[in-house]
Each structure stands twice: as structure tokens, then as C-alpha cells.
Amino acid sequence: MLLGLIGARAYWVEVNVGGYTGCHGCFIVPSLGADLWLLGCALGLLAIGCLSRWDWLRVLARSVVLMLAVAMALDLLLLQLFSQRLHIGDLFHFGGQMGANWSVLRSSLQSTPGFITAIAALGTLSLLLNACRAGGLDARVGKWLIVLAVPSLALAWGAQALRPVQYVHASLVENVVSVNLAQGSTREFSTTHIDRQRGLLARTPRICQANPQANRPNVIILLAESLSSWHSKLLGSANDWTPRLDAIARDNHYFTHFYANGFTTSGAEIAIGSGQLPINPPAAFEYSFKHFAGIEPSLASLAHAAGFQALFFTPGDTSFLGIGDWLKGIGFDEVHGSRDDYYSAMQRFQFNAVEDRVFYRRFIDWYDTRTGNQPFVAVLLSVSSHPPFINPETGKVDPQGAFRYVDAQIGAFHDALEARGFMDNGIVVVMGDHRTMTPLSADEFQRYGDRAFARVPMIVAGKVEMPAVIDDAFQQTDVLPSLAWQIGVDFCRLPYTGSFLRPDPKPPSIVVHARGDDRNRVDIYQGPLGTFGYHLKGDDSNWVGGQPQNAAAIAAWIDVQRADAQVRGQKR
């Protein structure tokens, strides 16, 4: 059973990691070696479960093996679904969201691989539960288990000694226990350290902006689930999955180097809603929305300062992770989700969401029937392209079909707004919330390196004066100062955020991306090629792969944001 899980994970790592690095055969032995440590330990524990005279010890040893097998199975499932490892923080973060988790798993079961994986997992669980009974295995079996454990451990040592992995994403090769052992991001700052960092940050000059001739347009910010640059031929991909978006981009404005600050939808919501970096605070395995509560300024407070409404629409469940409560807490006037009466009796998909076609019709209905002429900023979050990438038109798991469908619906939404005259004094901003949780292709990795993990499309259409093509690097946290410029609100920013909705876009001095494969690392992009890693280890946080310009000031900015997030989380 455990051998099957080990073999399946090694195969996934070899096919996917070996595929996009072009190093075929480089990863299967190290991956097997990493998991053989777990197999050897499991066999030893099962031997104790057979040889011990105490029932409680027998049950305990076998229960530990059961938990290990469940962790390995969940880790493999997450690799297949999201190209992510099982992290303890994710269990705390997502574990309580049973309805949403089931909606994604249910969709996955519609594919043949997903169904086979589920049947195999249930069979494995049944066998392991049977093995955990106090009886059932005798002393003779225990001796054989010891005999098997020794070569397993020897092979594990040999594999790692003879074929060590010198690779930036070595965490994909490590076993699930190793991935969760080193959590430097949970280490807290000393008062002395954070006071020193606050002093350094206070000396960083602010850039203040004012736009007395602001057009004050209505603004729609569309976060498209998992929409990635590798889907777009316009952005250099061999794939042509977004022809409508590419056409809209050519006719309006688009960015060639736009980046997501995080690797999940929550990260995008935090970045554009609060302007903060979606990075884990100290003393927490995973950030939550409570760590970003009470932020000023927020997107909503900027809207209110200009006399605008702040609205949020999604076809998904707004109770998921507490996103609805957080949005209301930072000032959004209306939060619409899957429970809207408009969606009554309609077919549902992941997160209890209707398909994008219906979702955009619902916003158009709101737009057509709203009363008064108060200007608004509306954030729209789509769901149809969430893994496992089901095409709503066919009901089948089909990544290309799903994104072509999403592209067509965004195009139809754009046309509906244009037909109503919205574009005459309105702006539509379309961006991906994060890159798909899928392995990089060999071409992506070769052309963009680690930056490929954060590349998402960014398109601006409507009544806005700005260059047709923006080649400078921008990011999601730049939305707040950009919005402030358009709606006429004075705004002061640090050089680490930019402002792009203007004739002379002002790029940030750096772009920040919180890594999904290594939760203890934040990547800093500086200049055309510079990529630097900042390892989160409390007072001992340090740079890897060299240092960016103004490294000390950047580190202070990151440390202070994390410390402030910790304080906010403790108040809730």
C-alpha cells in the first residue's frame, strides 16, 4: 500500500518536474529515496505493533502508520489536483471548509484518474484500518517487518547520498514529513529586532500622488480564477486558449509582465483589497483574513473617500474562509455570492457556484436595474476555471475547454458592457488571481525561471488614458494607488508599489511573490532578470541567491508587514 503511494508520487515528480526542467530521469530516484525513509519507519512501527506485549502500544504504533499513510495519500492527491504539497497550515486553513472541499473533490471524481484515485484511496484506508486493530498480526510477521525495514532505510540513505537533488524546488522531491518540519516562517520577531526594522522603514521615502483632473470612472475589477499568462498567445505562449481576451487587449491596454503576489485566490483578494502582501505572519502556519482586518486604506475606504460604492460579486460561497465577513469588515457596501436569489434552482459547480455565463448575466442585471447614479468600484471573482477545470458546457474535466469557455464568457461580458455604454466612462480591469496550480512547462521555466510561477494576464479596457502596451513589471498590490489616481483620492505609497492607471505608469521598484512550494520564502523580482529569495526565519530572516538593491529596507518592509499582521490576528 505504502509502496503504491511512494511509486505514484515518484512518477508524478519525474513526469512533471523532469518534464519542465528537461532533466529526464533526474528526480525519480531522489523522490523514491525521500519516501523510503518513511517506508522504513512505517515498517519499524508495524513491527513494534506486532511484537509488543502491550495492546496500547500495538494500537499506537499502527495508528501512527495509518496517519502517515493518510498524509501521504492526501499529499499525492494535492499534487495531482493543485501541484501543491500537503502543509500543516493548509489543514488548519482549509480543513474546516467541508462544503467547498467536497465541491472540488466531487468535480474531480468526474474524471477517470480522479475516480480511480478515490477508489484506490478508499481501499488503502480500509486495509490500513484493519491493520490498526490490536490483533491480526503475529510476532513472526513482526520479525519479517524488521528485516524489510533495514534495507528500506539503507536504500533511502543510498538514494540520497548517490543522487542528491540540487534544485531550487527541492521541496517537491522531499517527503511529506520533511516538507512540514522546517517552518521558519512561524518564528516570532524579538521586540528589539522589529523596533529596529520599524525605524528603518520610517526612513524610507514615500511617494505622494494627487490627480485633480481625475475622470472618476466607474471601475470593474475582474479576478479570473487561475487565468495565467501561459494560456495567452499574445503573452508569448504556444497556447491560444484566450483569443477573445487577446483581441480585447490589442484594442485597449495590456501588460507583458504582470504578477500575482500570492499563489491562491485569497492572496489576490488580500493584495487588491488591502494593498498588503499575502505572506504568513509569525506564529501562524497559514495566514487568514483576520490577519488583514481593519486595514486602512482599503479598496473600499478609497472608494468611499471619492463618494463611490464598493461592491463585491462572486458566484461562489462567500462564507468560504470568511471572505464575506472580511470584505464587509474592510468597508464593502455589498457582498453578493452563491446564495443570491438570482441563482435559485440553477446548476452548481465548485464552491456551489453557477457557471461564469450566468454569473456575468447576474452582474449585468444588477447594472441594468440599479437605482441612482452613484459611481461604483466593483470587484468580480469568477469560479468556473477553478481546478479540476471542468468545462461547464460539456461537464467534462478539460483544462483547455474550461479556459476557452472562460475566455468566451469574459468576451461576452465585455460586449454586454460596451453595448450599454459602460466603456464611455468606465474601466474594466481583467487579471488572473494566480497562476494555475499546475507544473510549469519546459518553455515557461526556460524563458521566465521562477517568475513563471507568478505570471498572470492583466488587461485594461474602457475610458482610461495609458499606454497601449506596458512592458514594466507591475503586481496586484499596485491596484490601490492606481485606483486612487483614477478616482481622485490623494495617496502616498512606498516605492515598492506602483501606479498604472495613468498616462505615465509608475512601476514599483520591486515585485513580491509569496511562494506556494516553499512557504518560508518570498521572492523579490527586481529589474529585468533579478530574482532574489527572502527566507522567513524571525530575527534570522536572510537573503538567498544574492541581495536586491536596498535589501535592508525591503527586508524591514516585509518584516513590519508580517509583524503587524500578527498583531491584527491576535486582536480577532
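Residues numbered from 1 in each chain as written. Predicted model: local features only at pLDDT ≥ 70, side-chain atom pairs only at ≥ 80, totals over all residues. Heavy atoms only, no water.

Looking now at the state of the cysteines. Within this structure, the stated rule accounts for 1 disulfide. Disulfide pairing places Cys208 opposite Cys492 at an S-S distance of 1.9 Å. Its S-S torsion of approximately 105° makes the covalent link between Cys208 and Cys492 right-handed. Taken together, the residues Cys208 in strand β1 (residues 207-209) and Cys492 in strand β14 (residues 491-493) connect sequence positions 284 residues apart. By relative accessible area, which is 53% here, Cys208 ends up exposed. (Disulfide = S-S within 2.5 Å. Helix = DSSP H or I, 4+ residues; strand = E, 2+ residues; numbered from the N terminus. Buried < 20%, exposed > 50% of the residue type's maximum accessible area, 1.4 Å probe, protein only.)

Per the stated rule, a full pass over the model turns up 16 salt bridges. For the salt bridge of Arg420 with Asp368, the shortest nitrogen-to-oxygen distance reads 2.8 Å. In this pair, Arg420 sits in the loop between α15 (399-419) and β10 (426-432) while Asp368 sits in helix α14 (residues 356-369), placing the two residues 52 residues apart along the sequence. Using a relative accessible area of 43% as the deciding quantity, one classes Asp368 as partly exposed. Taken together, the shared-partner salt bridges connect Asp450, Arg515, Arg521 and Asp523 into one network. (Salt bridge = Lys/Arg side-chain N within 4 Å of Asp/Glu carboxyl O.)

Here we come to the pairing of strand β16 (residues 521-526). Extensive coverage of β16 is indicated by the burial of 6 of its 6 residues. With burial as the criterion, each face of β16 is covered, one bearing Arg521, Asp523 and Tyr525 and the other bearing Val522, Ile524 and Gln526. As paired strands, strand β15 (residues 511-514) and β16 are joined by 4 bridges and run antiparallel to one another. In the strand pairing of β16, His513 is matched with Asp523. As consecutive antiparallel partners, β15 and β16 are separated by 6 residues. Note: β16 against strand β17 (residues 530-535), 6 bridges, orientation antiparallel. In the sheet register, Asp523 faces β17, and the bridge partner there is Gly533. (Pairing = 2+ DSSP bridges.)

Next up on the list: helix α11 (residues 265-274). Within α11, 10 of the 10 residues are buried, which leaves it mostly tucked inside the rest of the structure. Listing the buried residues of α11 in full gives Thr265, Ser266, Gly267, Ala268, Glu269, Ile270, Ala271, Ile272, Gly273 and Ser274. Note on α11: the residue one or two positions beyond its end, Gly275, has a positive phi of about 75°.

Here we come to the sheet that holds β17. The strand order β15-β16-β17-β18 describes an open sheet built from 4 strands, whose pairing is antiparallel. Either end of the sheet is taken by a strand with one partner, and the two such strands are β15 and β18 (542-544). In this sheet, adjacent strand axes meet at a mean angle of 30° when their direction is disregarded. (Axes fitted to C-alpha atoms, helices over the stretch in contact; angles between N-to-C directions.)

In this structure, Ile221, Phe255, Leu299, Trp326, Phe332, Met431 and Val460 are the most contacted members of the largest nonpolar core, which totals 55 residues. With 5 residues, the top contributor of residues to this core is helix α17 (residues 479-487). Leu227, Leu235, Leu245 and Phe363 belong to the second-largest nonpolar core, a separate cluster that totals 40 residues. (Core = buried A, V, L, I, M, F, W, Y, C linked by side-chain atoms within 4.5 Å.)

Attention shifts here to the environment of Thr192. Tracing the sequence through the fold places Thr192 in helix α9 (residues 191-202). Remark: the alpha-carbon pair of Thr192 and Asp539, spanning 347 residues in sequence, is separated by 9.3 Å.

Pairing in this open sheet of 8 strands is mixed, and the strands run β6-β5-β7-β2-β10-β11-β3-β12 from one edge to the other. Strands at the two margins of the open sheet, each flanked by one partner only, are β6 (334-336) and β12 (469-470). Inspection of the sheet shows strand β3 (residues 253-255) paired to strand β11 (residues 458-462) by 2 bridges, in the antiparallel sense. Residue pairing in the sheet places Tyr254 in a bridge with Ile459 of β11. Across the sheet, α14 touches β2 (218-224), β5 (309-313), β6 and β7 (376-381), and the angle it forms with β7 is around 165°. (Contact = heavy atoms within 4.5 Å.)

Together, Trp54, Trp56, Leu60, Val64 and Met67 make up an exposed nonpolar region whose accessible area comes to about 570 Å². Tracing the chain through its elements places Leu60 in helix α3 (residues 55-82). Leu60 sits in the partly exposed class, given a relative accessible area of 44%. (Patch = residues over 30% accessible without salt bridge, like charges linked within 9 Å, V, L, I, M, F, W, Y side chains within 5 Å. Areas by Shrake-Rupley, 256 points an atom, 1.4 Å probe, with all protein chains shown as cover.)

A separate point is the packing of aromatic side chains. Throughout the structure, instances matching the rule amount to 26 aromatic pairs. Where Phe359 meets Tyr360, the ring centres are 5.3 Å apart and the plane angle is 40°; that geometry is what we call tilted. Take Phe359 and Tyr360: they sit in the same class, and that class is buried. With 6.4 Å between their ring centres and 65° between their planes, Phe363 and Phe376 make a pair best called edge-to-face. A residue pair is termed long-range when its members are at least 10 positions apart, and Phe363 in helix α14 and Phe376 in strand β7 qualify at 13 residues. The burial state of Phe363 is the same as that of Phe376; both residues are buried. In this structure, Arg455 is placed above the aromatic ring of Tyr448, and the distance from its NZ or CZ to the ring centre is 3.8 Å. Lying across the ring of Trp485, Arg502 places its NZ or CZ 3.8 Å from the centre. (Phe/Tyr/Trp six-rings, centres within 6.5 Å; stacked < 30°, edge-to-face > 60°. Lys NZ or Arg CZ within 6 Å of the ring centre and 35° of its normal.)

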